[in-house]
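# Secondary and tertiary structure notes
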Amino acid sequence: MKKLLKKTLKLILPIVLGGFILFWVYRDFDFAEAGDVLKHGTNWWWMLFSLLFGIFAQVFRGWRWRQTLEPLDAFPKRRDCVNAIFVSYAASLVVPRIGEVSRCGILAKYDDVSFAKSLGTVVTERLVDTLTILLITGITVLLQMPIFVTFLQQTGTKIPSMMHLLTSVWFYIVLFCFIGVAMLLYCLRKTLFFYERVKGFVLNIWEGIMSLRGVRNIPLFIFYTLAIWACYFFHFYFTFYCFAFTAHLGMMAALVMFVGGTFAVIVPTPNGAGPWHFAVISMMMLYGVNVTNAGIFALIVHGIQTFLVVLLGIYGLAALPFTNRQRK
C-alpha cells in the first residue's frame, strides 16, 4: 500500500505542479484567440522545418549514446539506440525522468546490454550536457546581462518589500518550481542510497560513467554534443518565424529564452509544462511582445513540440520489435 502511494504521488505530483503553474499563467487568457492564431496565423512551413531539428536532436543523442557504450564492449544497433531515445522522451511525459531508465531497459531487452552499465553512460551523458548548457548559459548571460537582471527583478527574485514578495504570483510560481526540483533531488538521493547497498550494481554504473575515457572518436563525440544542442536551439528559434508577432525577434532573444526554458524544464513536470511557459512568456515580454501574444506563442509551440515527442515515442515503440524480429 505504501509503495503504491509513493508511485501514485510520483505520477500525480508533477502533473499537479505543472497544472497549477499553467493555471496561474493562463488564468485570464483568451484561448479562442490562441485557436484563431493556430488556424489562421501560423506559418506551418516554418513549424515543420523547426520540427526537423527536434527529430535530429534525438537522433544525434542516440548516436552519441552508442559511442559511450562501445568502450563497455556493448555494440547495440544504431537504430535501437535512436528508437530507445524516442521512447525515453515520450515516457518522460508520463513520469518525469523515467525515460532515462526506460531507454536502458530497451537496450537490455533488444541488444543484451547491461542495464546498470548503460545507466552509467546516461549519467555520463547528463554530466556532459550539464557542462555544455552551463557554457552556453555563461556566454548568453555575458552578452545579455541587462535582460537577465530585469527578468530576475520582475519575477520576484529581487523585491525590496517583504509584503510585495508574499503577494507576488510570480514568487509563488518560482517557489513551487524550487519545491519540485527539491522533490526530484530527494527521490534521486533515496534511489542512490538504495544503489549503494547493491555494490555490484553500483560498480557497473561507475564503469558506465567512466566509459567516456574509452570513447574511440572524441572529435565525433564532441560533434554529436554540439549538434544535439544546436538542434535543440534551432528547434526553438525557427518557431519565431511561425508568427507575425515574433518574426522580428533576433537570434540573441531566442538564445536568452532558450537558456531560460532549458533551466525551467529541470522542474519535474511533463515536458516542462508550466515552468517553461512561465520562463518563455516572461522573457519574451522583455523583448516587447505583449503578454497575450507571448502566451499564444508558448502555448502553441510547446503543444506542437510535445505532440512531436509523442509521435516519435509511438514510432519508436512500433519500430523496435519490427527491426529486431530476426532475433526471435
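The rules behind these values
Residues numbered from 1 in each chain as written. Predicted model: local features only at pLDDT ≥ 70, side-chain atom pairs only at ≥ 80, totals over all residues. Heavy atoms only, no water. UniProt positions renumbered as here; feature names shortened; annotations may be inferred. Helix = DSSP H or I, 4+ residues; strand = E, 2+ residues; numbered from the N terminus. Expected span 1.5 Å × (residues − 1). Polar contact = N/O pair within 3.5 Å; in protein donor to acceptor, adjacent residues only side chain to side chain. Phe/Tyr/Trp six-rings, centres within 6.5 Å; stacked < 30°, edge-to-face > 60°. Buried < 20%, exposed > 50% of the residue type's maximum accessible area, 1.4 Å probe, protein only. Lys NZ or Arg CZ within 6 Å of the ring centre and 35° of its normal. Core = buried A, V, L, I, M, F, W, Y, C linked by side-chain atoms within 4.5 Å. Contact = heavy atoms within 4.5 Å. Patch = residues over 30% accessible without salt bridge, like charges linked within 9 Å, V, L, I, M, F, W, Y side chains within 5 Å. Areas by Shrake-Rupley, 256 points an atom, 1.4 Å probe, with all protein chains shown as cover. Salt bridge = Lys/Arg side-chain N within 4 Å of Asp/Glu carboxyl O.

Within an unreviewed UniProt entry, the label attached to the protein chain reads Flippase-like domain-containing protein, and the organism entered is Bacteroides finegoldii. Per UniProt, the comment on the protein chain under Subcellular location (unreviewed entry) is "Cell membrane".

Turn by turn, an α-helix covers 3.6 residues, leaving residues three or four places apart pointing in a common direction. Compared with the 48 Å implied by 1.5 Å per residue over 33 residues, the 47 Å span of helix 14 (residues 291-323) between its first and last C-alpha is a close match. Two or three places before Thr 292, at the start of helix 14, stands the capping residue Asn 290, its side-chain oxygen 3.1 Å from that residue's backbone nitrogen.

Here we take up the packing of aromatic side chains. Using the criterion set out here, one finds 35 aromatic pairs in the structure. Judged by centre distance (5.6 Å) and plane angle (5°), the ring pair of Phe 233 and Tyr 237 falls under stacked. Here the residue Phe 233 and the residue Tyr 237 both occupy positions in helix 11 (residues 218-237), the gap between them amounting to four residues, near one helical turn. With respect to class, Phe 233 is no different from Tyr 237; both count as buried. Arranged with centres 5.7 Å apart and planes meeting at 85°, the rings of Phe 233 and Phe 258 form a pair that is edge-to-face. With Phe 233 in helix 11 and Phe 258 in helix 12 (residues 251-264), this residue pair connects regions lying 25 residues apart in the sequence. Here the guanidinium or amino end of Arg 78 rests over the ring plane of Trp 63, the centre of that ring lying 5.6 Å away.

All right, on to helix 12 then. The first and last C-alpha atoms of helix 12 sit 20 Å apart over 14 residues, in line with the 20 Å expected at 1.5 Å per residue. Of all 14 residues in helix 12, eleven are buried; the element is thus mostly enclosed. Taken together, the buried positions of helix 12 are Ala 253, Ala 254, Leu 255, Val 256, Met 257, Phe 258, Val 259, Gly 260, Gly 261, Thr 262 and Ala 264.

Okay, the nonpolar core next. Within the largest apolar cluster, 55 residues are counted, with the highest numbers of intra-cluster contacts made by Phe 236, Phe 240, Phe 243, Met 257, Phe 258, Met 284 and Phe 297. Among the elements of the structure, helix 1 (2-25), helix 2 (31-40), helix 3 (44-69), helix 4 (78-94), helix 11, helix 12, helix 13 (275-286) and helix 14 are those that each provide at least two residues to this core. Those residues in contact with Met 284 that lie beyond four places of it in its chain are Phe 240, Thr 246, Leu 249, Met 257, Val 289, Ala 294 and Phe 297. Core analysis: the second largest hydrophobic core is formed by 15 residues, Leu 69, Ala 74, Ile 106 and Leu 320 among them.

A cluster of nonpolar side chains, contributed by Leu 127, Leu 131, Leu 134, Phe 263 and Ile 266, occupies part of the molecular surface with about 470 Å² of accessible area. Considering each element in turn, the nonpolar patch owes the most residues, three residues, to helix 6 (residues 115-143). Considering the arrangement of structural elements, one finds Leu 134 in helix 6. Classification of Leu 134 as partly exposed rests on a relative accessible area of 46%.

As a further point, take the pattern of salt bridges. Scanning the model with the defined rule gives eleven salt bridges in all. For Arg 61, the salt bridge identified is with Asp 129, shortest N-O distance 2.8 Å. Separated by 68 residues along the polypeptide, Arg 61 in helix 3 and Asp 129 in helix 6 bring together distant segments of the chain. Just as Arg 61 is buried, Asp 129 falls in that class too. One salt bridge in this structure joins Arg 216 and Glu 70, with 3.6 Å as the shortest N-O distance. In this pair, Arg 216 is assigned in the loop between helix 10 (199-209) and helix 11 and Glu 70 in the loop between helix 3 and helix 4, connecting sequence segments 146 residues apart. We classify Arg 216 as exposed; its relative accessible area is 58%. Look at the salt bridges and you will find they share partners, linking Arg 61, Arg 64, Glu 100, Arg 103, Glu 125, Arg 126 and Asp 129 into a network.

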